[in-house]
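# Remarks on the overall topology
Each chain is listed here by its residues.
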Amino acid sequence: IYPGIDTTPLIDAPVAPGHIQAKPLRLLYFGNLVHHKGVHTAIEAVGVLKQQGLKNSVELTILGSGHPTYEAQLHTLVEQLDIKDRVRFVGKVPREEIPSWLKRFDVFLFTSIWPEPIAATVMEAMAAGLLVIGTEVGGQAEMLEHGQNALTFKAGDAKSLAEQICSVTDALHVRTQLALAGQQLVLERFTLKRMVDEFEQYLANVVNCSI
């Protein structure tokens with residue numbers, strides 16, 4: 001039984017003013033700032049884009065908090081790559097504000113480098129209408145289909161992530177198609193109601209078998 005989320009707040013959240021724009025492409029990471037989440041890969045990818053002369057075509061916002069040492073490393077990495085004008089650290093925000101924050105961005109970067117279960121952040125980003133560019137680690141391999149409902153890259157590979165970001169920087173139509181497919185996937189397979197219904201059916205079957 002797949003996990004599920006309450007999609008209503010994510011779909012109903014008002015769209016931020018000026019949401020539709022050509023550039024820069026607004027990238028978002030939100031979640032815990034710990035090494036196994038691979039947030040450094042997102043920053044390194046922006047560094048790769050800078051080397052390719054594409055720095056001004058993207059901006060990355062990092063939403064969340066975590067281990068102080070790792071957070072310091074992320075800030076240092078931004079300075080070393082000289083991309084302070086392209087990367088913004090917001091810190092932790094109240095959980096109830098997440099839907100409105102998501103509506104301000106175009107792409108969610110799922111950068112995890114460990115085989116974690118299906119991530120709630122991926123489901124939430126998709127439900128909110130963002131294109132997900134992520135790693136097919138753990139449970140995500142059962143969700144993310146490259147070129148169908150998302151774009152994928154090898155875990156820890158900043159160059160590969162940069163390539164995927166670059167491929168949709170000027171492709172609004174492609175971004176929209178993939179984002180809509182991702183949203184539809186969540187609405188069909190990863191809602192809280194569907195999860196509860198399946199649990200109830202499972203328990204009913206167990207009770208019937210034991211009688």
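Each chain carries its own residue numbering, running from 1 in the written order of its sequence. The model is predicted, so local features are restricted to residues of pLDDT at least 70 and side-chain atom pairs to those at 80 or more, both for listing and for counting; the totals for chains, interfaces and linings are taken over all residues. Side-chain metrics in this entry use all non-hydrogen atoms of the structure; hydrogen atoms and water are not considered.

Numbering of helices and strands runs from the N terminus, with a helix taken as a DSSP run of H or I at least four residues long and a strand as a DSSP run of E at least two residues long. With respect to the secondary-structure elements, Gln183 resides in helix H7 (residues 172-189). Beyond its immediate sequence surroundings of up to four residues, Gln183 is in contact with Ile11, Met126, Ala127, Ala128 and Gly129. Two residues qualify as a contact provided that any one of their heavy atoms is within 4.5 Å of a heavy atom in the partner residue.

Two rings from Phe, Tyr or Trp (for Trp, the six-membered ring) form a pair when their centres are within 6.5 Å of each other. A pair whose planes differ by under 30 degrees is stacked, one over 60 is edge-to-face, and the rest are tilted. Considering all chains together, one arrives at two aromatic pairs under this definition. Each ring, one from Tyr2 and one from Phe190, has its centre 5.2 Å from the other, and the planes form 50°; the classification is tilted. You can see Tyr2 sitting in the segment before helix H1 (8-12) and its partner Phe190 sitting in the loop between H7 and helix H8 (192-210), a full 188 residues away along the chain. The interplanar angle of 50° and the centroid separation of 5.1 Å between the aromatic rings of Phe30 and Phe108 together place this pair among those described as tilted. Of this pair, Phe30 sits in strand E1 (residues 25-30) while Phe108 sits in strand E4 (residues 107-110); the two residues are 78 residues apart in sequence, bridging distant segments of the chain. With respect to class, Phe30 is no different from Phe108; both count as buried. Over a ring means this: the NZ of a Lys or the CZ of an Arg is within 6 Å of the ring centre and within 35 degrees of the ring normal. Taking NZ or CZ as reference, Arg104 lies 4.1 Å from the ring centre of Trp101, over its face. For each residue, the accessible area found with a 1.4 Å probe, counting protein chains only, is set against the maximum for its type, and the residue is called buried under 20%, exposed over 50%, and partly exposed in between.

Quick look at the nonpolar core now. Membership of the largest hydrophobic core comes to 33 residues, with the highest contact counts inside it found for Leu60, Leu109, Ile133 and Ile165. When residues of this core are assigned to their parent elements, the largest contribution, seven residues, is made by helix H2 (residues 39-51). The contact partners of Ile165, leaving out residues within four places of it in the chain, are Leu25, Leu27, Ala45, Leu49, Val58, Leu109 and Ile133. Residues belong to a common nonpolar core when they are buried Ala, Val, Leu, Ile, Met, Phe, Trp, Tyr or Cys residues joined through side-chain atoms within 4.5 Å.

Moving on, we get to the sheet that holds strand E2 (residues 58-63). Strand order across the open sheet formed by six strands is E3-E2-E1-E4-E5-E6, with parallel pairing between neighbours. The sheet terminates laterally at strand E3 (87-91) and strand E6 (151-153), the two strands that pair on one side only. Pairwise comparison of adjacent strand axes, ignoring direction, gives a mean angle of 25° for this sheet. DSSP bridges decide pairing: two strands pair if at least two such bridges lie between them. Both E1 and E4 contribute to a ladder of two bridges, which runs parallel. The partner of Leu28 across the bridge, within E4, is Phe108. Here H2 sits on the sheet in contact with E1, E2, E3, E4 and E6, set at roughly 165° to E2. Lines fitted to C-alpha atoms define the axes, with helix axes restricted to the stretch in contact, and inter-axis angles between N-to-C directions lie between 0 and 180 degrees.

In this section: the environment of Thr76. For Thr76, the location among the structural elements is in helix H3 (residues 68-80). In this structure Thr76 comes out as partly exposed when scored by relative accessible area, which is 37%. Through-space distance from the C-alpha of Thr76 to that of Ala125 is 27 Å; in sequence the pair is 49 residues apart.

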